[in-house]
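Examining the three-dimensional arrangement
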Amino acid sequence: EDNVRLTLDAFTNDDVNFKPMNIGSGDSITVGELASTVQKLIPGSVIGYQPLRKAGEIHNRRPDVGFMREALHDAPVTGLEKGLRLTIEYFQNYK
């Protein structure tokens, strides 16, 4: 919901003017935290992911969403768990 709304707003906003923009909450979570949240919402799900990266590699990434907030005067309101729940429900009903 938030991503679509903010992306459409960006297309029609003269302040954006085709400049690159990160759309998101600006929050950072680990892959393990994301996997745990998905497993909580889909009981019995098994998620495999690679071990931690080697020393010297980027361990986290937090995109700067300042331009999005400034240009659109808006920000996401749907939290990760609710967004995942809505996505899961959509695909469960999509079949």
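All values reported here derive from a predicted model rather than from experimental measurement.

With that out of the way, let us pick up the overall build of the chain. Check the secondary structure of the chain and you find four helices and zero strands. Of the regular secondary structure in the chain, the N- to C-terminal order runs α-α-α-α. For the chain, the C-alpha atoms occupy an extent of roughly 45 × 45 × 20 Å along the three principal directions. Contacts in the chain between residues at least 24 apart in sequence constitute 76% of all its contacts with a sequence separation of at least 6. Of the roughly 7,800 Å² of accessible surface on the chain, 54% is carried by carbon and sulfur atoms. Within the chain, one finds 11 positive and 13 negative side-chain charges whose respective centroids are separated by 8 Å.

This paragraph deals with the environment of Arg5. Along the polypeptide, Arg5 turns up in helix α1 (residues 2-11). Accessibility expressed as a relative area gives 28% for Arg5, which makes it partly exposed. Spatially, the C-alpha atom of Arg5 lies 24 Å from that of Val38, the residues being 33 residues apart in sequence.

When pLDDT is averaged along the chain, the result is 88, and 98% of the positions lie at 70 or above. The lowest-confidence element of the chain is helix α2 (residues 31-41), averaging 91 in pLDDT; the highest-confidence one is helix α3 (residues 66-72), averaging 94.

The tally for this structure, following the rule as stated, stands at four salt bridges. Between Asp74 and Arg5 there is a salt bridge, with its nearest N and O atoms 2.3 Å apart. Residue Asp74 is found in the loop between α3 and α4 (80-94), and its partner Arg5 is found in helix α1; the two are separated by 69 residues along the sequence. A single network of salt bridges, built from pairs that share partners, joins Asp2, Arg5 and Asp74.

About the criteria used
- In this convention, every chain numbers its residues from 1, walking through the sequence in written order.
- The predicted origin of the model limits local features to residues at a pLDDT of at least 70 and limits the giving and counting of side-chain atom pairs to 80 or more, whereas totals for whole chains, interfaces and linings rest on all residues.
- Where side-chain values are given, they derive from all heavy atoms of the structure, hydrogens and water being excluded.
- Numbering of helices and strands runs from the N terminus, with a helix taken as a DSSP run of H or I at least four residues long and a strand as a DSSP run of E at least two residues long.
- Here a residue-residue contact requires only that any non-hydrogen atoms of the pair lie within 4.5 Å.
- The protein chains shown are the only cover counted for residues, whose accessible areas, like all others here, come from Shrake-Rupley with a 1.4 Å probe.
- When charges are counted, Lys and Arg contribute as positive and Asp and Glu as negative, whereas His and the chain ends are disregarded.
- Here the site of a charge means NZ on Lys, CZ on Arg, CG on Asp, or CD on Glu.
- A 1.4 Å probe rolled over the protein chains alone gives each residue an accessible area, and that area as a share of the maximum for its type sets the label: buried under 20%, exposed over 50%, partly exposed in between.
- By definition, pLDDT measures how confident the predictor is in each residue, and it falls between 0 and 100.
- Just to be clear on terms, a salt bridge is a Lys or Arg side-chain nitrogen sitting within 4 Å of an Asp or Glu carboxyl oxygen.

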